[in-house]
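The lines below spell out each chain.
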Amino acid sequence: MNYHILTLFPEMVTQGLSESILGRAAKKGLLSVNAVNIRDYTADRHKKVDDYPYGGGAGMLMQAQPVYDAWKAACEEIRSRQPEELRDRPVRTVYVTPQGAVFNQQMAKEFAKEEDLIFLCGHYEGIDERVLEETVTDYVSIGDYVLTGGELPAMVMIDAISRMVPGVLANGESGETESFEGDLLEYPQYSRPEEWHGKQVPKVLLSGNQRKIAEWRRQEAERRTQERRPDLYAGYERLMSCKKVLAG
Ligand code: 6GU
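Keep in mind that what you see is a predicted model, and the values were worked out from it rather than measured.

What follows deals with the overall build of the chain. Along the backbone of the chain there are 8 helices and 9 strands. In terms of overall dimensions, the chain is more spread out than a globule: its C-alpha atoms have a radius of gyration of 23 Å, far above the 18 Å expected for 248 residues. By its C-alpha atoms, the chain is 70 × 45 × 45 Å across when sized along the principal axes. Within the chain, buried positions represent 25% of all 248 residues. Taking contacts inside the chain between residues at least 6 apart in sequence as the whole, the part at least 24 apart equals 75%.

Around the ligand sit Val96, Thr97, Pro98, Ser141, Ile142, Gly143, Tyr145, Val146, Leu147, Gly149, Gly150 and Pro153, and those are all the residues in its vicinity. Top element by residues in the shell around the ligand is strand β5 (residues 93-102). It accounts for 3 residues.

A few words now on the sheet that holds strand β6 (residues 116-121). If you trace the 5 strands from one edge of the open sheet to the other, you get β2-β1-β6-β5-β7, paired in parallel fashion. Both outer strands of the open sheet, β2 (32-37) and β7 (138-141), are each paired with one neighbouring strand and no more. Between one strand axis and the next, the sheet turns by 35° as a mean value, whatever way the strands run. Across 4 bridges, the pairing between β5 and β6 is parallel. Note that in β6 the partner of Thr93 across the bridge is Ile118.

To continue, consider the nonpolar core. Counting residues in hydrophobic clusters, the biggest one holds 45 residues, and the most contacted among them are Ile5, Leu6, Val67, Ile118, Phe119, Leu120 and Ala154. The greatest single-element share of this core, amounting to 6 residues, is contributed by helix α6 (residues 151-162). Beyond its immediate chain neighbours, meaning those up to four positions away, Ile5 contacts Val13, Val33, Ala35, Val36, Phe119, Cys121 and Ala154.

What follows deals with the domain arrangement of the chain. The domain architecture assigned to the chain consists of domain 1 (2-171) and domain 2 (182-247). Centre-to-centre, using C-alpha coordinates, domain 1 lies 37 Å away from domain 2.

Turning to the environment of Asp183, a few remarks are in order. The topology assignment puts Asp183 in the loop between α6 and β8 (195-196). Along the chain, Asp183 and Glu222 lie 39 residues apart, while their C-alpha atoms are 9.5 Å from each other. Asp183 has contacts with Leu232, Gly235, Tyr236 and Leu239, leaving out every residue within four places of it along the chain.

A word on the UniProt feature "binding site: S-adenosyl-L-methionine" (unreviewed entry) in the chain. In the numbering used here, UniProt assigns the feature "binding site: S-adenosyl-L-methionine" (unreviewed entry) to Gly122, Ile142, Gly143, Asp144, Tyr145, Val146 and Leu147. Mapped onto the secondary structure, Ile142 falls in the loop between β7 and α6. The contacts of Ile142, once residues within four sequence positions are left out, are Phe103, Pro153, Val156 and Met157.

Attention now goes to the environment of Tyr233. Tracing the backbone through its elements, the reader meets Tyr233 in helix α8 (residues 230-247). Judged by the 19 C-beta atoms lying within 10 Å of it, Tyr233 is partly exposed. Expressed as a C-alpha distance, the spacing of Tyr233 and Arg223, which sit 10 residues apart in the sequence, is 9.2 Å. Ignoring any residue separated from it by four or fewer positions in sequence, one finds Tyr233 in contact with Thr225 and Gln226.

Here Thr93 lies in strand β5. Judged by the 21 C-beta atoms lying within 10 Å of it, Thr93 is buried.

Definitions and limits used
Residues numbered from 1 in each chain as written. Predicted model: local features only at pLDDT ≥ 70, side-chain atom pairs only at ≥ 80, totals over all residues. Helix = DSSP H or I, 4+ residues; strand = E, 2+ residues; numbered from the N terminus. Rg over C-alpha atoms; globule rule 2.2 N^0.38 Å. Buried ≥ 20, exposed ≤ 12 C-beta atoms within 10 Å, placed from the backbone. Contact = placed C-beta atoms within 7 Å. Near = placed C-beta within 6 Å. Pairing = 2+ DSSP bridges. Axes fitted to C-alpha atoms, helices over the stretch in contact; angles between N-to-C directions. Core = buried A, V, L, I, M, F, W, Y, C linked by C-beta atoms within 7 Å. Domains from an automatic or database assignment. UniProt positions renumbered as here; feature names shortened; annotations may be inferred.

Here is the structure:
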């Protein structure tokens, strides 16, 4: 997976993505992070990339020209490595914006199938709409709150997408049993010692009875989901009652 991040703050992204599991995956050649400084593409002799919005209103907008030229450069680099049969298909370009569909695990899995992904990070009050119309394939938000720029949301999405890329997680770190892969939150977990601050590890986990342990974990996952995420639990209950009907 090759990420191309168009941003006014490239160091923010390269630093944020160079550690831990993602750093290891980059060293293994499983992913690459190409942070492109949009300012390097401005045609303005004072390196300006923003201007006032037509019609008035607060703040500044990123202008179309530098964004378009940075995007075109990234596309050309991608095309040069692509086999001919893929070249007429648009390069997946994600604009990270609160005016987008809310990112989830399913979207992470879908994006992980791409060979290249471009992320466009906005700043100020946004980007001239005309360049978005010509470049963006996906408008994606990370939740219903407003951040100062698109870099952190892009990094959040890149983290979630990368762990779905084959080989990025070690065998012991499989994505499959985690929350949101199923329809419930994760069950509680315990490590040594058996007693801490007067609290005992639940006896069933010491029993060695795998059937009982699995049953206990499912119950705890259900209870936790009902309490913390009633919205998710409603979907889970619907699914379970459908399954019962189908089973007769
Ligand atoms: Cl994707 N961008 C910004 N600037 N703010 C956000 C967001 C994205 N998602 C939630 N808030």
